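Notes for the structure review
Listed here are the chains, written in short residue letters.
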Amino acid sequence: MMDRNADAPWSQFDPEVYVDLNYRTPLEVDLLIVRLMRDYFSRCYAQGAPASVRGVDVGAGANLYPALSMLPWCEKILLLEYATPNVEYLERQASGGGYDTAWDAFWNELREAPAYRDVEPRSRFGEIVRVERANLLDLDGQRRWDIGTMFFVADSMSECADEFQRGVECFMDALTGGAPFAAAFMKESLGYQVGAHKYPAYRVNADRVRESLQPFTAELEIHDMDHMVRPGHEGMILALGRRNQAIATP
Ligand SMILES: C[S@@+](CC[C@H](N)C(=O)[O-])C[C@H]1O[C@@H](n2cnc3c(N)ncnc32)[C@H](O)[C@@H]1O
């Protein structure tokens, strides 16, 4: 039997263990992704961002760098996450005390670009970021954002092809026409362990990622990166693009 999204132990997800495993010591591949995303968003907003841009990071989990990469462009950023321990982690990061120093290494890459240089990230993050518990698979196109990120979610929440495709579609349907987006996927992942718990994955390669996104975007860059973080996958895939202008009404 294939593990579906609802079968995995999301309520047991341990964000501190997850940060220790993935982000506490920044990996070169994540820093590369941050630079690519920073430069892509900077190109998208080369003429300046419109007023009142609203951003979303879907399945934010215990990773702040997608939201940090949207910081200069947004009036508000919403972090959507399903697992309660991750929601609580994100709420702590966005609270008055400021986010953990673990995230400074990622900001150091971002602030190399002009648009980021004058932003004071900790206070701005606290001011504009809000957290909401939500299921990606329930997003039905009723709410849309002007810029969005989804990192290691559609491929890392289920073993089933239909839920992967639906995850991508729900993310795309959460974006307004023309919205820049960044989405990342583990390549050929067999699943992942966080502490005592095992979480499912759907195996994708760059072609599968391209095929899933292509109907929604006329502008798409796929970065196929053969960096392995741990046994059980073959690298990471970063997709950068803009949502099509024409959007079917839900
Ligand atoms: C591999 S983690 C990725 C977390 C983070 N975005 C990152 O870049 O490290 C997968 C995330 O998807 C979340 N998730 C799983 N099912 C979800 C769903 N149906 N809706 C929203 N988030 C979900 C998990 O709780 C977890 O935070």
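Residues numbered from 1 in each chain as written. Predicted model: local features only at pLDDT ≥ 70, side-chain atom pairs only at ≥ 80, totals over all residues. Heavy atoms only, no water.

Taking an unreviewed UniProt entry as the reference, the protein is identified by name as SCO2525 family SAM-dependent methyltransferase belonging to Streptomyces edwardsiae.

Details of the sheet that holds strand β2 (residues 76–81)
Pairing within the open sheet is mixed, and its seven strands lie in the order β3-β2-β1-β4-β5-β9-β8. Where the open sheet ends on each side, the last strands, each with one partner, are β3 (129–133) and β8 (219–225). On average, each strand axis in the sheet is inclined to that of its neighbour by 15°, with strand direction left out of account. Strand direction decides the pairing type here: strand β1 (residues 54–58) and strand β4 (residues 147–151), joined by four bridges, are parallel. Among the inter-strand pairings, Gly55 is bridged to a residue of β4, identified as Ile147. With respect to the sheet, helix α9 (residues 206–213) is in contact with β5 (180–187), β8 and β9 (235–242), its orientation differing from that of β8 by roughly 160°. (Pairing = 2+ DSSP bridges. Helix = DSSP H or I, 4+ residues; strand = E, 2+ residues; numbered from the N terminus. Axes fitted to C-alpha atoms, helices over the stretch in contact; angles between N-to-C directions. Contact = heavy atoms within 4.5 Å.)

A few points about the environment of Asp3
Along the polypeptide, Asp3 turns up in the segment before α1 (15–22). The class of Asp3 is partly exposed, set by a relative accessible area of 34%. It is 30 Å that separates the C-alpha atoms of Asp3 and Arg243, two residues lying 240 residues apart in sequence. Those residues within four positions of Asp3 in sequence are excluded, and the remaining contacts are Ser158, Glu159, Cys160 and Pro200. (Buried < 20%, exposed > 50% of the residue type's maximum accessible area, 1.4 Å probe, protein only.)

Thoughts on the side chain of Arg144
Relative to the assigned elements, Arg144 resides in the loop between β3 and β4. Within the buried set, Arg144 has no salt-bridge partner at all; the shortest N-O distance to an opposite charge, 4.5 Å, is to Asp173. From its side chain, Arg144 meets the backbone oxygen of Leu175 in a polar contact 3.3 Å long. (Lys, Arg positive; Asp, Glu negative; His and termini not counted. Salt bridge = Lys/Arg side-chain N within 4 Å of Asp/Glu carboxyl O. Polar contact = N/O pair within 3.5 Å; in protein donor to acceptor, adjacent residues only side chain to side chain.)

Notes on the pattern of salt bridges
Side-chain pairs of opposite charge can arise whenever the charged atoms involved come near each other. Following the criterion strictly, the structure yields 17 salt bridges and no others. A salt bridge links Arg24 to Glu16, with the nearest nitrogen and oxygen atoms 3.2 Å apart. For Glu16, a relative accessible area of 31% corresponds to the partly exposed category. Note that Glu109 and Arg35 form a salt bridge whose closest N and O atoms lie 2.9 Å from each other. Residue Glu109 is found in helix α5 (residues 104–110), and its partner Arg35 is found in helix α2 (residues 28–44); the two are separated by 74 residues along the sequence. Exposure remark for Arg35: the relative accessible area of 25% places this residue in the partly exposed category.

Observations regarding the nonpolar core
Within the largest apolar cluster, 92 residues are counted, with the highest numbers of intra-cluster contacts made by Phe125 and Phe185. When residues no more than four places from it in sequence are discounted, the contact partners of Phe125 are Leu64, Ala67, Leu68, Leu71, Leu79, Gln93, Ala94 and Tyr99. (Core = buried A, V, L, I, M, F, W, Y, C linked by side-chain atoms within 4.5 Å.)

Considerations on the site of the ligand
Around the ligand, the structure places 21 residues, and the nearest of them are Tyr18, Tyr23, Glu81, Asn135 and Leu136. At 2.8 Å, a backbone N or O of Gly59 approaches a nitrogen atom of the ligand. Interatomic distance of 2.8 Å between a backbone N/O atom of Leu136 and a nitrogen atom of the ligand. In isolation the ligand has 590 Å² of accessible area, and contact with the protein removes 99% of it. Considering only residue class, the shell around the ligand consists of 13 nonpolar, seven polar and one charged. (Near = heavy atom within 4 Å. Areas by Shrake-Rupley, 256 points an atom, 1.4 Å probe, with all protein chains shown as cover. Nonpolar A, V, L, I, M, F, W, Y, C, P; charged D, E, K, R; others polar.)

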